[in-house]
Amino acid sequence: MKENKFDILIVGGGLAGLATAIQFAQKQHRVALFEKEHYPFHKVCGEYISNESWEFISALGIPLSELELPKINQLSISDPKGNMLHEPLELGGFGISRYTLDKLMKQRAETFGVTVFEGTEVKKWEYTEGLGFTLFTSDQHYSGTLLFSAHGKRSKLDSWLNRSFMKKKEPYLAVKYHIRYPVNPSEIVLHNFKNGYCGMSAIEEGKACLCYLAHADDLKAEGSIEALEQHVLAKNPHLAKIFQEAEFLYEKPVVISRFSFQPKKQIIDHVVYIGDAAGLIPPLSGNGMSMALHGAKLAYEAFEPFLRGKYSRAVAESTYAKNWKKNFSLRLRVGRSLQAVFGAEEKTILFFKLIRPFGSLRRYLVRLTHGKSF
Ligand SMILES: Cc1cc2nc3c(=O)[nH]c(=O)nc-3n(C[C@H](O)[C@H](O)[C@H](O)COP(=O)(O)OP(=O)(O)OC[C@H]3O[C@@H](n4cnc5c(N)ncnc54)[C@H](O)[C@@H]3O)c2cc1C
């Protein structure tokens, strides 16, 4: 029988939730993490992680340098007609699947004593002044002093919480495959198509991740993912070649839809939101995983002193919210502006023509989407 009283309750076992869990558990706090899926599992994500996270992930005890991961230092982008631009990635990154990374982090969390409830969906919670939180699953309840919600881009919890971004129906869907295809392991490629873009880069074991963002109206008009790929994505000649020649390693793609890039709040009613639940950056800007991990570090730094009685909950909350905005607000704004350009066919072609002669502008834009090592 697992215990039901903890210092920390964490909803969602993606990178934000797991990194938060490991840090608090390393300091001997009692941590429970709730994940509705069973590890390991596939997740929609481009699986390119900016090098800003390398040190932090390694410090959590994940032996990245032993995993022989592809190191990525080149960005290539095609416009919907297939014209290419190439740009070195100053900071660069590496490729690893979420299937592998989340599994390694979950194992690491358990090594430090985190109680992981997998296959367990959180339904709701309550906060009582002076007592803390009670969290409810379908058949149990658990108590904790702090509650971090790292439930990702979109969850039934957002409807229950009546969060404002849920009122606006967003038009995006995202699709991911693992493929075998002769990719350059040091390059991430972004192919644009009408109303969307598709990233491809190497991950572990000689595989590549192929992940795209498309418009729900195009899917509706085409009737199926396959028809969307054949009639919309394949208008870009590079994508046509990939869809013809690659070996697709899943029977079906992993698909998500209707998530929002609208601004979100980081603290509501004493619940601390981290990762995509605190703010989702358009995948074009590449670095949602690093933001999720960095956000977990900021949450730990703000709330660990509170648990030790160093300062009040109110001070911890305002420290976290302030540092989150300081680190990520500009990136999110840049991400949303780039999304507006790359999500639309004519604008993408025009943007390509405009920036083609200006290498320093291109490098500046790439730099704005990456953060610094944390
Ligand atoms: C198309 C696309 C491509 C992307 N490509 C990249 C990329 O190449 N590089 C990059 O850095 N970022 C990329 N991102 C962003 C990145 O995937 C996210 O920013 C990152 O996964 C955020 O991590 P997280 O821990 O906040 O959320 P997640 O990893 O989504 O984890 C949330 C977890 O919460 C669980 N959950 C939800 N509700 C409940 C509940 N009620 N109870 C229990 N568990 C629950 C979910 O099952 C999930 O495991 C991409 C995003 C998209 C949409």
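Note: the structure precedes this text.
As a convention, each chain's residues are numbered from 1 in the sequence order in which they are written. Given that the model is predicted, a residue must reach a pLDDT of at least 70 before its local features are reported, and side-chain atom pairs must reach 80 or more before they are shown or counted; all residues, however, enter totals for whole chains, interfaces and linings. Heavy atoms from the whole structure form the basis of all side-chain values; hydrogens and water molecules are not counted.

1. Overview of the packing of helix α1 (residues 15-26) against helix α3 (residues 98-111)
- Axes here mean lines fitted to C-alpha atoms, for a helix over just the part in contact, with angles spanning 0 to 180 degrees between N-to-C directions. Counting from the N terminus, the helices are the DSSP runs of H or I reaching at least four residues and the strands are the DSSP runs of E reaching at least two. Direction vectors running N to C along α1 and α3 enclose 25°, while the axes themselves pass 9 Å from each other. Looking at the two axes, α1 sits roughly parallel to α3. Crossing hand, α1 versus α3: left-handed. Only R98, L101, D102, M105, K106, R108 and A109 of α3 make contact with α1, whose side of the interface consists of L15, L18, A19 and I22.
- A per-class count over the contact of α1 with α3 returns 7 nonpolar, no polar and 4 charged. If an angle is under 35 degrees, it is roughly parallel; if it is over 145, roughly antiparallel; if it lies from 65 to 115, roughly perpendicular; otherwise it is oblique. Helix crossings get a hand from a simple test, with the near helix turned counterclockwise from the far one by less than a right angle marking a left-handed crossing and a clockwise turn marking a right-handed one. Any pair of residues with heavy atoms lying within 4.5 Å of one another is described as a contacting pair. In this classification, the charged set is Asp, Glu, Lys and Arg, the nonpolar set is Ala, Val, Leu, Ile, Met, Phe, Trp, Tyr, Cys and Pro, and all remaining amino acids, among them Gly, are polar.

2. Quick notes on the pattern of salt bridges
- Here, a salt bridge means any side-chain nitrogen of Lys or Arg that lies within 4 Å of a carboxyl oxygen of Asp or Glu. Within this structure, the stated rule accounts for 17 salt bridges.
- Between D7 and R30 there is a salt bridge, with the nearest N and O atoms lying 3.2 Å from each other. Within this pair, whereas D7 is found in strand β1 (residues 5-11), its partner R30 is found in the loop between α1 and β2 (31-35), the two being separated by 23 residues in sequence.
- Type-normalised accessible area, obtained with a 1.4 Å probe on protein chains alone, sets the label of each residue: buried when under 20%, exposed when over 50%, and partly exposed for intermediate values. By relative accessible area, which is 16% here, D7 ends up buried.
- Each of K43, R98 and D102 takes part in one network of salt bridges that share partners.

3. Observations concerning α1
- What a helix is expected to span follows from its residue count: subtract one and scale by 1.5 Å. For α1, with 12 residues, the first-to-last C-alpha span of 16 Å sits near the 16 Å given by 1.5 Å per residue.
- Judged by how many residues are buried, α1 sits mostly within the fold: 11 of 12 residues are covered.
- All of the buried residues along α1 are L15, A16, G17, L18, A19, T20, A21, I22, Q23, F24 and A25.
- Contact partners of the buried residues in α1: β1, β2, α2 (54-59), α3, β9 (141-149) and α8 (288-307).

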